[in-house]
Amino acid sequence: MLRIRNLDAGYGSLSVLRHISLHVKQGEIVTIIGANGAGKTTLLKTVSGLLRPKSGEVLFRDKDIASLPPERIVFEGCSLVPEGRQVFAAMPVRENLLLGGYVQFKRGRSSEVKADLERVYGLFPVLRQREHQLAGTLSGGEQQMLAIGRAIMSRPSLIMLDEPSMGLAPLVVKGIFEIIGKLRDEGATVLLVEQNARSALRIANRGYVLETGRIIKDGDAADLLTDREIQRAYLGKDLDAEN
Amino acid sequence: MFLELFFQYLVAGLTYGTIYAIVGIGFNIVYNTTGIINFAQGEFVMLGGMIAVSLHSLLPLPIAIAAAVVLTMAIGALIEMTFIRWLVKPAVLRMIIITIGISILVREAALHLWGESVRSLPYFTGNEISAFSFGGVRVSPQVLWTLGICSVIVISLNLFFKYTMLGREMRACASNRDAAALCGIPTRNMVTLSFALAAGIGALAGAVVSPITQTSYSIGTGLAIKGFTVAILGGLGNSMAAVAAGFILGILESFSIWVMPTAYKDAIAITILLAMLFVRPSGLFGNKEAFRLKDF
Ligand SMILES: Nc1ncnc2c1ncn2[C@@H]1O[C@H](COP(=O)(O)OP(=O)(O)O)[C@@H](O)[C@H]1O
Ligand SMILES: [Mg+2]
């Protein structure tokens, strides 16, 4: 589905990502965990086209998308739920979702948008209740659901999420992760970036660990969860105290 | 007698006010989609009037005006594509200097093309001396044309932004450009479109008002300052507030002639502008809520 090879990226002369290589297979949830400032957001911005890579390949369904602008990459079927939700604050919930369906309109599938809207309301019933409310007036959790809903509306084959749990209460986070699992069960492929390593590794199939712009470890999520080094650095377990 | 004079000044104020409002809305449309304050906005009003006058020697009036609007829109789009499009996140000051440069360029081109002479379109109906009388207050038919057409512009813009797909896309682009791009919306084209739209409404207003105010190559600068004042007074980015602010400025200017020498008329806008920037930069109607509801 997605294959990144030797990717270098950054801002102006500042280089953030160095020689990143990773891949995501159809039907998987792959997570990238890493501390604040590791370069997780930079990576997703680069894949989604908001940032031009300095060098390297981004292959999406065997097509190099590294030089495409973001609006073209969505049309290819790769959709980003950006960090900090980025909803259209001055617009009602429904309009936000319809804008997510813009891609479908342009593909000439506007007849399916209604059904897609119903599907999103089915996944997030609270959004139906808030249909006519301005997105900026929603709670953080509701805005996150809206941002995910908006991305789903484009019928992506790969959905990328940048820290969906950021700033949310534990119970809300649990709900969001359940939805992500459900999306996979319905056939979606997910690339999930998280600081909340434990929750992310629990629902993921595989994971990568990003540290200061490099991938220092990768493997099955279950193995990473039991990896002593990762437990110490990212899962907050004090192993010495246990022993 | 006093009342009649009062209303006479009021009507004059409203007429100028609508033009300031249209220029202010032009500022807001471009500001909302790009964050750019386009000081070339006044030149679109000049171009609309001047092109319409030139074309009118060949074409019937309505067609000349329509053609002038379309041509000015094309110029607006061209300006965006030549000077703005390729800039990546330019600094505000750099952008201001660029748009002032563009306005000088347009003005010099207009001077070359049309010279310094003052021109105007004929009255749409009647002539300079024909007037409707509303209880003793004489109102030129052209004033009614101006008020009417500018109202239609404002209402159509509102309908466009609220109810059309394209309008919704432009609002999305204004609200959050990256998020709009992530939805697949070609944000760069929206920016070009916003320049064309701002140019188009300016040009139409410029053509319609030219029989009353007359036009020449140099009117753009003054209008830009007044339009900018109106945009700031209403709150940058808030188009409907610009209409109210336009009327306020127009009426203030008009009545100032009553109590002050005419020469001070143009100082009013600058005074309001500076006062607002110091005291209340969010505008008369601007809100200071935590999240900014940027909208047209
Ligand atoms: N817009 C930007 N301009 C310059 N540097 C940035 C920008 N955004 C992030 N950075 C820098 O890039 C590095 C990685 O940031 P980011 O990708 O946001 O990390 P993460 O999402 O893992 O917390 C940080 O050192 C950060 O300071
Ligand atoms: Mg981040």
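Scoring rules and cut-offs
Residues numbered from 1 in each chain as written. Chains lettered and ligands numbered in written order. Predicted model: local features only at pLDDT ≥ 70, side-chain atom pairs only at ≥ 80, totals over all residues. Heavy atoms only, no water. Phe/Tyr/Trp six-rings, centres within 6.5 Å; stacked < 30°, edge-to-face > 60°. Lys NZ or Arg CZ within 6 Å of the ring centre and 35° of its normal. Donors = N, O, S within 2.8 Å, 3.2 Å for Na, K, Ca; no water. Helix = DSSP H or I, 4+ residues; strand = E, 2+ residues; numbered from the N terminus. Near = heavy atom within 4 Å. Polar contact = N/O pair within 3.5 Å; in protein donor to acceptor, adjacent residues only side chain to side chain. Areas by Shrake-Rupley, 256 points an atom, 1.4 Å probe, with all protein chains shown as cover. Nonpolar A, V, L, I, M, F, W, Y, C, P; charged D, E, K, R; others polar. Contact = heavy atoms within 4.5 Å. Salt bridge = Lys/Arg side-chain N within 4 Å of Asp/Glu carboxyl O. Axes fitted to C-alpha atoms, helices over the stretch in contact; angles between N-to-C directions. Parallel < 35°, antiparallel > 145°, perpendicular 65-115°, else oblique. Left-handed = near helix turned anticlockwise from the far one by under 90°. Buried < 20%, exposed > 50% of the residue type's maximum accessible area, 1.4 Å probe, protein only. Pairing = 2+ DSSP bridges. Expected span 1.5 Å × (residues − 1).

Focus: the packing of aromatic side chains
Okay, so step 1: Summed over the entire model, instances satisfying the criterion amount to 13 aromatic pairs over all chains.
Okay, so step 2: One aromatic cluster is present, built from ring pairs that chain together Phe 2, Phe 6, Phe 7, Tyr 9, Phe 255 and Trp 258 of chain B.
Okay, so step 3: Taking NZ or CZ as reference, Arg 150 of chain A lies 4.9 Å from the ring centre of Phe 88 of chain A, over its face.

Description of the coordination of the magnesium ion (ligand 2)
Reference values for coordination geometry: four tetrahedral donors around a metal ideally subtend 109.5 degrees, six octahedral donors ideally subtend 90 or 180 degrees.
Okay, so step 1: Bound to the magnesium ion (ligand 2) on the protein side are Thr 41 of chain A (OG1) and Glu 83 of chain A (OE), at distances that span 2.0 to 2.1 Å. With Thr 41 of chain A in helix α1 (residues 40-48) and Glu 83 of chain A in the loop between β6 (78-81) and α3 (93-100), this pair connects stretches of sequence that are 42 residues apart.

Considerations on the site of ligand 1
Residue and element names in this part refer to chain A.
Okay, so step 1: In the vicinity of ligand 1, the contacting residues are Tyr 11, Leu 14, Val 16, Ala 35, Asn 36, Gly 37, Ala 38, Gly 39, Lys 40, Thr 41 and Thr 42.
Okay, so step 2: Interatomic distance of 3.4 Å between a side-chain N/O atom of Tyr 11 and a nitrogen atom of ligand 1.
Okay, so step 3: Look at ligand 1: alone it shows 560 Å² of surface, and the protein chains cover 60% of it.
Okay, so step 4: Elements represented by at least two residues in the shell around ligand 1 include exactly β2 (14-24) and α1.
Okay, so step 5: Broken down by class, the residue content of the shell around ligand 1 amounts to five nonpolar, five polar and one charged.

With respect to the interface of chain B and chain A
Many descriptions give the size of an interface as the accessible area lost when the pieces come together.
Okay, so step 1: Listed per partner, the contact involves 21 residues of chain B and 25 residues of chain A.
Okay, so step 2: Counting every contact that joins chain B to chain A gives two salt bridges.
Okay, so step 3: Its salt-bridge partner being Arg 168 of chain B, residue Glu 95 of chain A comes within 3.0 Å of it at the nearest N-O pair.
Okay, so step 4: At the junction of chain B with chain A, the criterion picks out four residue pairs in polar contact (both at pLDDT 80 or more).
Okay, so step 5: Of all the secondary structure elements, the ones that give two or more residues to the side of chain B that touches chain A are α6 (165-175) and α7 (177-182) of chain B.
Okay, so step 6: Among the elements that take part in the side of chain B that touches chain A, α6 of chain B stands out by supplying six residues, more than any other.
Okay, so step 7: When its residues are assigned to classes, the side of chain B that touches chain A shows eleven nonpolar, four polar and six charged.

Points about the packing of helix α2 (residues 41-56) of chain B against helix α9 (residues 219-234) of chain B
Residues and elements named next belong to chain B.
Okay, so step 1: Where α2 meets α9, the axes come as close as 7 Å, and the angle between the chain directions of the two elements is 135°. Taken together, the axes of α2 and α9 are oblique relative to one another. Of the two possible hands of crossing, α2 and α9 adopt the one that is right-handed. For the pair α2 and α9, contact is made by Gly 42, Glu 43, Val 45 and Met 46 and by Ile 219, Gly 220, Thr 221, Leu 223 and Ala 224, respectively.
Okay, so step 2: A per-class count over the contact of α2 with α9 returns five nonpolar, three polar and one charged.

Side note on the pattern of salt bridges
Okay, so step 1: Tallied over the entire structure, the rule returns 20 salt bridges over all chains.
Okay, so step 2: Among the salt bridges present, the one from Arg 155 of chain A reaches Asp 116 of chain A, with a minimum N-O distance of 2.8 Å. Separated by 39 residues along the polypeptide, Arg 155 of chain A in the loop between α7 (140-152) and β7 (158-162) and Asp 116 of chain A in helix α5 (residues 110-123) bring together distant segments of the chain.
Okay, so step 3: You can call Arg 155 of chain A partly exposed: its relative accessible area is 39%.
Okay, so step 4: Several salt bridges converge on common partners, so that one network encompasses Glu 95 of chain A together with Arg 168 and Arg 171 of chain B.

Things to note about unusual backbone geometry
Residue and element names in this part refer to chain A.
Okay, so step 1: The backbone of Asp 62 shows a phi angle near 65°, a positive value even though the residue is not glycine.
Okay, so step 2: The residue Asp 62 is located in the loop between β4 (55-60) and β5 (63-64) in this model.
Okay, so step 3: Phi is positive for Arg 155, which is not a glycine, with a value near 55°.

Considerations on the environment of Phe 228 of chain B
Residues and elements named next belong to chain B.
Okay, so step 1: Within the secondary structure, Phe 228 sits in helix α9.
Okay, so step 2: Sequence separation of Phe 228 and Ala 199 is 29 residues, and the distance between their C-alpha atoms is 15 Å.
Okay, so step 3: Those residues in contact with Phe 228 that sit more than four places away from it in its chain are Phe 27, Ile 37, Phe 39 and Leu 273.

Re the sheet that holds strand β1 (residues 2-11) of chain A
All names here are of chain A.
Okay, so step 1: Strands sit in the order β2-β1-β4-β5 across an open sheet of four strands; the sheet is antiparallel. Both outer strands of the open sheet, β2 and β5, are each paired with one neighbouring strand and no more.
Okay, so step 2: Relative to β2, β1 is paired through seven bridges, and the arrangement is antiparallel. Within the sheet, the bridge partner assigned to Leu 7 lies in β2 and is Ile 20.
Okay, so step 3: Along the sheet face, α1 touches β1, β2 and β4 and points at about 115° away from the line of β1.

Here we look at helix α1 (residues 2-34) of chain B
Okay, so step 1: When the terminal C-alpha atoms of α1 of chain B are compared, their 47 Å separation across 33 residues agrees well with the 48 Å that a helix rising 1.5 Å per residue should span.
Okay, so step 2: Gly 35 of chain B occupies a position one or two residues after α1 of chain B and carries a positive phi of about 75°.

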